[in-house]
Amino acid sequence: MSNNYSSDTESLRAEIAAAAARMIAEDGVDYGSAKRKAAKQILGDAKVRGDILPDNEQIENEVRLYNELFFGDTQPGRLLHLRRLAVQIMSEFAQFTPYLTGAVLNGTAGQHSDIHLQLFANSPKDVEIYLINKTIQFEVSETAHFKGHHEPVETVSFMWGNEGVHLALYEIDDLRGAIKASAARRIERADIDTVRTLILENQAQ
């Protein structure tokens, strides 16, 4: 009985992950929304047990597979373009110790993906003043802190080279211990030298 329950749960989790990945790759839906919409699509209005929902890592793997199957001729070029643009932006904001995160870093970026960076400054105002002096128009919102239990951080968003860019603004003290790998040893953020290495690897493929 328990084996059947476990098998059914894994099957549902995989189905939800695949459906969520399709929404992310095709429509640019964020992970949280895609997960909820996929669960509703598959299970209807039934109450969803927590153990049925896939984690982001499983969904990311499905996005990677979906890209290979359906966007294999265009996604690598799109990824390379976004990574090159990220290097330009990181160079521009070098004084704020920028790190690349998200789909452009992990390699799943597609047509709808934006560039997400984490900056570390004495104050968010320092970055805002820099943007104003560069006559870059931006919008302000909030992003969950990567440490989870902390207050959300201010995030500025703007267009750069016709691409959406989001800078999550952290305090300099947050930089300590920020560079880490996930449980699967995947890099969660990368400095400009690491991104340049990824670009060289892209070009060699």
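The paragraphs below set out a description of the structure included in this document. Note that the structure is a prediction, hence the values are computed from the model and not measured. (Residues numbered from 1 in each chain as written. Predicted model: local features only at pLDDT ≥ 70, side-chain atom pairs only at ≥ 80, totals over all residues. Heavy atoms only, no water.)

### What to know about the environment of Gly-102
Stage number 1. In this fold, Gly-102 is placed in the loop between β1 (99–101) and α5 (103–106).
Stage number 2. Measuring from C-alpha to C-alpha, the distance between Gly-102 and Arg-78 comes to 15 Å, with 24 residues separating the pair along the chain. (Helix = DSSP H or I, 4+ residues; strand = E, 2+ residues; numbered from the N terminus.)

### What to know about helix α6 (residues 124–133)
Stage number 1. Considered for burial, the residues of α6 that qualify are Val-127, Glu-128, Tyr-130 and Leu-131. Projected onto a plane normal to the axis of α6, the buried residues spread over an arc of 160° and lie on a single side. Of the residues in α6, the exposed ones pointing more than 90 degrees away from the buried face are Lys-125, Ile-132 and Asn-133.
Stage number 2. Looking at the buried positions of α6, the neighbouring elements they touch are α4 (75–92), β2 (115–121), β3 (139–143), β4 (153–160) and β5 (163–171). (Buried < 20%, exposed > 50% of the residue type's maximum accessible area, 1.4 Å probe, protein only. Arc of directions from axis to C-beta. Contact = heavy atoms within 4.5 Å.)

### Digging into the layout of surface pockets
Stage number 1. In this structure, the second largest pocket spans a volume of roughly 370 Å³.
Stage number 2. Around the second largest pocket, the lining comprises 18 residues; the ones closest to its centre are Gln-75, Leu-79, Gly-107, Asn-202 and Gln-205.
Stage number 3. The leading source of residues in the lining of the second largest pocket is α4, at six residues. (1 Å grid on protein atoms, 1.4 Å probe; cavity = no way out; pocket = protein on both sides within 12 Å on 5 of 7 lines; lining within 4 Å. Points joined across faces, edges and corners; volume = space filled by probe spheres on them.)

### Points about unusual backbone geometry
Stage number 1. Positive phi values are uncommon outside glycine, yet Thr-97 reaches one of about 50°.
Stage number 2. Along the chain, Thr-97 turns up in the loop between α4 and β1.
Stage number 3. With phi around 65°, Asn-162 is a residue other than glycine that occupies positive phi space.
Stage number 4. By relative accessible area, which is 73% here, Asn-162 ends up exposed.

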